[in-house]
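# Working through the structure, step by step
Listed below, chain by chain, are the residues.
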Amino acid sequence: MINFQYVRATDVADAVHRIAADPAATFIAGGSNLIDLMKYDVERPSRLIDITRLPLKSVEETADGGLRIGALVSNSDLAYHPLIAARYPLLASAILAGASAQLRNMASTGGNLLQRTRCYYFYDTATPCNKREPGSGCSAISGLNRMHAILGTSEACIATHPSDMCVALAALDARVHAAGPAGARTIAFSDFHRLPENTPERDTNLQPNEIVTAVELPARGFAANYTYLKIRDRLSYAFALVSVAAALELQGDTIIEARLALGGVAHKPWRDPTAEAALREQAPSQATFNRAADVFLRDAKAFGHNAFKINLAHRAIVRALIQAAAGTPQSQSDKKIR
Amino acid sequence: MTNYIGTATSRIDGRAKVTGEAKYAGEFNITGLAHASVVASTIAKGRIARIDASAALSVEGVLDVLTHLNRPPMASADSAYDDDTAPEGSPFRPLYNDRIWFNFQPVALVVAEKPEIARFAAALVRVEYEEQAHVTDLHRQRDKAFALEPGKNHSAPPKPRGTAEQAFAAAAVRHRGEYYVPIEHHNPIELFASTVIFESDGKLTVYDKTQGVQNVQRYLCNVLGTEPEEVRVMSPFVGGAFGSGLRPQFQAVLAALAARALKRSVRLALTRQQMYGLSYRPAMIQQIELGASAGGTLDAIAHDAITVTSQYEDFHRQETGWSGLLYRCANATYAHRLARLDLETPCDMRAPSAATGVYALECAMDELAVALKLDPLELRLRYYSDRDQNTDRPYSSKSLRECYRQGSQAFGWDKRNPEPRSTRDGTELVGWGMASGVWEALQVPIAARIVLTANGHAEVSCATSDIGTGTYTIMAQVAAEMLGLPLDNVTVKLGDSTLPQSPVEGGSWIAASVSNGIATTAGAVREELLRLAKQMPNSALADATADEVTLADGMLVSKRDATCAVSIAEAMRHRGVDRIEQEKSTTFDDDGSHAHNTHSAVFAEVKVDEELGVIRVTRVVSAIAAGRILNTKTARSQIIGGVVWGIGMALHEETLIDHNFGRIMNANIAEYHVPVNADVYDIDVIFVDELDAIVNPLGIKGLGEIGIVGVAAAIANAIYHATGMRVRDLPITLDKLQR
């Protein structure tokens, strides 16, 4: 663990000013991922800019019927917020599928977006990793890759994004609010995280001198027909092998709107407009869901240990869609899969 | 008289533990304490070419960087590095020379004023290596596996019996299967740490995380070349060890070296990742073949195991012998081979050899039952043996049949539909499986001291450890009962190398050993009290012999006539004695006429999502026969812990090695999976009454190990019953159940 300076930002402008002044500095909120990475010498910030005192802790209703979630709202507070529970239960469910109660108490909304992959090689400075050290090579492609991506991979990196919350945010078409030296801007959730391509060291399109200030949810919350189904190697406290956020809007026996996002399969929460289109205007049925899963996974590619994920993802998609259509979302406390 | 033995007594150290008053090895403080941090190897095999510690040394607060080039002198002979539980070979020596034997091997030690500085500076030490080709994959080495001659701390497999080859040829049904168990790491929650106090006279007081303070004390004296009185090792509390603390570990040597180099007190706490360089349960490939008649006899067993060892020691346990022991079978053969990998030497982990060997046997038995179209429990009853089959002798006690009966009844086994995939609960397939478990009832020479004071207080002491099992509590219970004192009047001292002799705590042998040891010593106290009582005028016990009196409620009482009693306090006061001190060694005579074993019957229910393969172990019943149970509360906790570990062994645990780098990649307890609360449903523990007048005077057999044995097999068998899929390599992760 490398020595670092510690400062506390007083407001958003101050935070932006401080990060611009020191390119090797980094923000710290809950620290539930950053501190680990510092202990492993993976992150070596010159300075931690503590943003936990910034006034970004509220959940507010927006004019168009959505919600604006401050970047420092803790994962626990968000999951149990009455407006989230009532209008966006998919988000609440996804958050509660992740980590542990203690970690969720510490982890922030903005930090959850910025958490880094759990690829073994990224965490171990004794091994090559393009994400940690660009150009050093990817050890996972020919190594232990059971946890790794099957969609959107590159020759440089096959890591996955570990978040559960982000999978729900992707499905809900959230927008990320950021502030930087040039002012504030909004980033569509699907544009926030990147694919690895030739620059796996960059997880997101947030600029190094920008700070996440809020996440905005549009009005549509899919509170009636949704599920978050997470498949993992033990029944709690493990990262997803595959997770599915499914949200449907039904009119009679017809799906009029469908959202499908997967975690554990790509460098970012993975959505596929073609697969969602394959659900729209259809009656919910096993055949429809199978077709959508086929489409969703048409370009899936495995690397050895993770070959099972393609089949598993297919089944998880179908199951999640059945749960969503039936209005019987997966419980995150009763571990029996519905 | 109050009975304490056999009661559900809460831990006498429980309050100290939950309030933080109990101090662990890494928590002892002293003025001027320096802090050390290990620099660990990043290669599996080769030599250190160069170490550049200049950047580390230039950090303010860094006191020294020790390497093989500048460390204080260490012994050169292998014998100096031997210890009570070491296998044959040339034991590992930290910072001894430039040779790299395994990844995470310590290559340098940074010592600084503060732990943060030490850890920071350790990250600045640059090490260059000359790498050599390594092999860490057991499957790649299986053809190079070699058979081992019997030697120190390991025995050859039992002698083959009968004519297995002919019996197999004649068998109506044969089953042959290969079973794999991966490397598993102990992962006690307490990190390995040593605090070495450099006393003013240069002597060392070492607080160490260990299962054997005297083992570590002798080892350190030999390695450092000091006299016995110059090193004292203490370990009053241990936050779990499970076998990882049986051998002296390298953090103790490193901290002691640093203390001597700096003439200063030093603490070294390893990181979780560095603990993956200490030791592990060896991976093993096992082949089992069973031959049976249609009529209900088991006619032949062949068990062949290949296990992992290091390049420098031959770690070897008795994996295969359990197979021939348990069931009535005239013909048996065994083979055990070792495969060398570029890893550190394995060591014992909870129920070493039985957790793994019996797993394979009990899965194979289940497969045989399927082949014979017999209920798995019925199969085991038909093959039941009242004699140890390996040595053809009776057991001192064996209540496995009663374990089967009570366990199956509590579980409801008779309602089992034998057909796989026959029971459903919505989207889940339900499976019921069972297995037997067996472990040895071991006992080892031990000494105990009792100091009884006239105010009715006793201090009982022994150098053994309490690794979280409840040793403090059972020692107090036995002493209180034997001395006729209230439990609160007994103080227990342990975990100090200056206390009366104890072997390492392991193998489930301490409960039986130390309890009988205390009973022996209490007998000597009683004799001394009787001697004093007889000297009183008109003594009511003037004619009594030692065998005829007992201690109860502060009195020395005749067993024949309870009205003949003398107050202990008065007897002592009358002779002007304010304390009676007795220390006795106890050995356990074993004429070899009886086998000493504990047994279990484990019943498990699993529910498996048919499409997704997600497994839930919804119910486990574990019926245990382990002689006299000293404390039903701590004993139950022990068994629950064993069952939970068995769930982990079946479904979760696996040390993942990247064989390209020869390096463990999941060296933390986020990625190295053990069961979490959500994975643990109902666990029902049953202790079967088992009186054993032969095994030792108190009839105690110990139960640290038996709780895990058989659990993984019961779960694997339940998964087969649920799904019709037989997975023979652990852990059974959901991908292995995909059709």
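Note that the structure is a prediction, hence the values are computed from the model and not measured.

Moving on, we get to the overall build of chain B. The number of helices and strands found in chain B is 17 helices and 33 strands. Against the 2.2 N^0.38 benchmark of 27 Å for 739 residues, chain B shows a C-alpha radius of gyration of 27 Å, consistent with a compact globule. Counting only C-alpha atoms and orienting by the principal axes, one finds that chain B spans roughly 80 × 75 × 50 Å. Pairs at least 24 apart in sequence give 80% of the contacts found in chain B among residues at least 6 apart. Put simply, chain B shows about 25,900 Å² of open surface, and 48% of that area lies on carbon and sulfur atoms. Chain B carries 72 positive and 90 negative side-chain charges, and their two centres are separated by 0 Å.

Within chain A, the regular secondary structure consists of 13 helices and twelve strands. Computed over the C-alpha atoms, the radius of gyration of chain A is 19 Å, within 12% of the 20 Å expected from 2.2 N^0.38 for a compact globule of 338 residues. Counting only residues that meet the buried cut, chain A has 59% of its 338 residues in that class. Pairs at least 24 residues apart make up 63% of the contacts formed inside chain A by residues separated by at least 6 positions. Total accessible area computed for chain A in this model is approximately 12,600 Å², and 51% of it derives from carbon and sulfur atoms. Computed over 36 positive and 32 negative side-chain charges, the inter-centroid distance for chain A is 5 Å.

Between chain A and chain B, the residue contacts involve 40 residues of the former and 42 residues of the latter. Between chain A and chain B, the buried area comes to about 3,600 Å², and carbon and sulfur atoms account for 56% of it. It is Arg234(A), Leu235(A) and Lys336(A) in chain A that bury the most area against chain B; as a group they hold 19% of the surface buried on that side. Counting every contact that joins chain A to chain B gives seven salt bridges. Linking Arg118(A) and Glu671(B) is a salt bridge whose minimum nitrogen-to-oxygen distance equals 3.6 Å. Looking at the side of chain A that touches chain B residue by residue, the class counts come to 19 nonpolar, seven polar and 14 charged.

What follows concerns the sheet that holds strand S12 (residues 270–271) of chain A. All names here are of chain A. Taking strand neighbours across the sheet as the criterion, the four strands line up as S9-S10-S11-S12 in an open arrangement whose pairing is antiparallel. Across the chains shown, the open sheet's two edge strands, defined by having one partner strand only, are strand S9 (226–231) and S12. Sheet analysis places S9 next to strand S10 (residues 242–251), joined by six bridges and oriented antiparallel. Pairing of Leu 229 across the sheet is with Val 244, part of S10. The sheet contacts of helix H5 (residues 89–96) involve S9 and S10, and relative to S9 the element is tilted by about 15 degrees.

Here the focus is the pairing of strand S11 (residues 254–263) of chain A. Residues and elements named next belong to chain A. Of all ten residues making up S11, eight are buried, and the element is well covered by its neighbours. The pairing of S10 with S11 spans nine bridges and is antiparallel. Looking at S11, one finds that Gln 251 is bridged to Thr 254. From the end of S10 to the start of S11, which pair antiparallel, there are two residues, and Gly 252 there has a positive phi angle of about 60 degrees. Pairing between S11 and S12: two bridges, direction antiparallel. Counterpart to Ala 261 in the pairing with S12 is Arg 271. Hairpin geometry of S11 and S12 is characterised by an intervening segment of six residues between the two adjacent antiparallel strands and by a positive phi of about 80 degrees at Gly 264.

All names here are of chain B. Tallied over the full model, the rule gives 22 aromatic pairs over all chains. Clustering of aromatic rings is evident, with ring pairs tying together Phe 92, Trp 101, Phe 102, Phe 250 and Tyr 312. Note that Lys 209 overlies the ring of Phe 192, its terminal NZ or CZ placed 5.3 Å from the centroid. Just above the ring of Phe 411 sits the side chain of Arg 619; from NZ or CZ to the centre is 4.1 Å.

All names here are of chain B. Within strand S15 (residues 298–309), ten of the twelve residues are buried, which leaves the element mostly enclosed by the surrounding structure. Relative to S15, strand S14 (residues 284–292) runs antiparallel, the two being bridged by nine bridges. Its bridge partner lying in S15, Ile 285 is registered against Ile 306. In sequence, S14 turns back onto S15 through a hairpin of five residues, with Gly 296 there showing a positive phi of about 110 degrees. Where S15 meets strand S17 (residues 329–340), eleven bridges bridge the pair, whose relative direction is parallel. The residue bridging Thr 309 from the neighbouring strand is Arg 340, located in S17.

Next up on the list: the nonpolar core. All names here are of chain B. Counting residues in hydrophobic clusters, the biggest one holds 94 residues, and the most contacted among them are Tyr 359, Leu 368, Tyr 383, Val 606, Leu 651, Ile 715 and Ile 732. Ranked by residue count, the leading element in this core is helix H10 (residues 354–372), at twelve residues. If sequence neighbours within four positions are ignored, Val 606 has contacts with Leu 429, Val 430, Gly 431, Ile 615, Arg 616, Val 617, Thr 618, Ile 715, Ala 718, Ile 719 and Ala 722.

Our next topic: helix H12 (residues 286–296) of chain A. Residue and element names in this part refer to chain A. Residues of H12 that are buried include every one of Thr 288, Phe 289, Ala 292, Ala 293 and Phe 296, and no others. One side of H12 carries all its buried residues, which in axial view fall inside an arc of 135 degrees. In the core, the buried residues of H12 are packed alongside S11, S12, helix H11 (273–279) and helix H13 (308–326).

This brings us to the state of the cysteines. Applying the stated rule across the entire model yields zero disulfides over all chains. The thiol of Cys157(A) is unpaired, and the distance to the nearest cysteine sulfur, on Cys138(A), comes to 5.9 Å. Summary of cysteine pairing: Cys221(B) is not part of a disulfide, and the nearest cysteine sulfur, belonging to Cys462(B), is at 19 Å. Judged by relative accessible area, Cys221(B) falls into the buried class, the value being 6%.

Here we come to the packing of H10(B) against helix H17 (residues 711–723) of chain B. Residues and elements named next belong to chain B. Running from amino to carboxyl end, H10 crosses H17 at an angle of 30 degrees, the nearest separation of the two axes being 8 Å. Taken together, H10 and H17 sit at an angle that is classed as roughly parallel. The handedness of the crossing between H10 and H17 comes out as right-handed. Each of Tyr 359, Glu 362, Cys 363, Asp 366 and Val 370 in H10 lies in contact with H17, whose residues at this interface are Ala 712, Ala 713, Ala 716, Asn 717 and Tyr 720.

Okay, the sheet that holds strand S1 (residues 5–8) of chain A next. Residues and elements named next belong to chain A. With respect to topology, three strands assemble into an open sheet ordered S1-S3-S2, the strand pairing being parallel. The open sheet has two edge strands, S1 and strand S2 (25–28), and neither has a second partner. Taking the axes of each pair of neighbouring strands and ignoring which way they run, one obtains an average angle of 25 degrees across the sheet. Sheet topology note: the S1/strand S3 (residues 47–50) ladder contains four bridges and is parallel. For Tyr 6, the partnering residue across the bridge sits in S3 and is Leu 48.

Moving on, we get to the packing of helix H6 (residues 213–224) of chain B against helix H7 (residues 250–262) of chain B. Residues and elements named next belong to chain B. At their nearest, the axes of H6 and H7 sit 11 Å apart, and the two run at 50 degrees to each other. In this view, H6 runs oblique relative to H7, as classed from their interaxial angle. Here the hand of the crossing between H6 and H7 comes out right-handed. The residues of H7 that touch H6, namely those facing Tyr 219, Leu 220, Val 223 and Leu 224, are Ala 252, Val 253, Ala 256, Leu 257 and Arg 260. Tallied by class, the residues present in the contact of H6 with H7 amount to eight nonpolar, no polar and one charged.

Residue and element names in this part refer to chain B. Here Asp 547 shows up in the loop between helix H14 (510–534) and strand S25 (549–552). Residue Asp 547 is classed as exposed on the basis of its relative accessible area of 61%. Sequence separation between Asp 547 and Val 370 is 177 residues, and the spatial gap between their C-alpha atoms is 56 Å.

Here the focus is the domain arrangement of chain A. Domain assignment breaks chain A into domain 1 (5–52) and domain 2 (226–326). Here domain 1 of chain A and domain 2 of chain A have C-alpha centroids that lie 36 Å from each other.

Attention shifts here to the side chain of Ser37(B). All names here are of chain B. Its location among the elements puts Ser 37 in strand S1 (residues 34–40). Of the residues examined, Ser 37 reaches a relative accessible area of 11% and is grouped as buried. In this view, Ser 37 contacts Ala 108, Leu 109, Val 110, Ala 118, Arg 119, Ala 122 and Leu 268; residues no more than four positions away in its chain are not counted.

Conventions used here
- Residues numbered from 1 in each chain as written.
- Chains lettered and ligands numbered in written order.
- Predicted model: local features only at pLDDT ≥ 70, side-chain atom pairs only at ≥ 80, totals over all residues.
- Heavy atoms only, no water.
- Helix = DSSP H or I, 4+ residues; strand = E, 2+ residues; numbered from the N terminus.
- Rg over C-alpha atoms; globule rule 2.2 N^0.38 Å.
- Contact = heavy atoms within 4.5 Å.
- Areas by Shrake-Rupley, 256 points an atom, 1.4 Å probe, with all protein chains shown as cover.
- Lys, Arg positive; Asp, Glu negative; His and termini not counted.
- Charge placed at Lys NZ, Arg CZ, Asp CG, Glu CD.
- Buried < 20%, exposed > 50% of the residue type's maximum accessible area, 1.4 Å probe, protein only.
- Buried area = accessible area lost by both parts, 1.4 Å probe.
- Salt bridge = Lys/Arg side-chain N within 4 Å of Asp/Glu carboxyl O.
- Nonpolar A, V, L, I, M, F, W, Y, C, P; charged D, E, K, R; others polar.
- Pairing = 2+ DSSP bridges.
- Axes fitted to C-alpha atoms, helices over the stretch in contact; angles between N-to-C directions.
- Phe/Tyr/Trp six-rings, centres within 6.5 Å; stacked < 30°, edge-to-face > 60°.
- Lys NZ or Arg CZ within 6 Å of the ring centre and 35° of its normal.
- Core = buried A, V, L, I, M, F, W, Y, C linked by side-chain atoms within 4.5 Å.
- Arc of directions from axis to C-beta.
- Disulfide = S-S within 2.5 Å.
- Parallel < 35°, antiparallel > 145°, perpendicular 65-115°, else oblique.
- Left-handed = near helix turned anticlockwise from the far one by under 90°.
- Domains from an automatic or database assignment.

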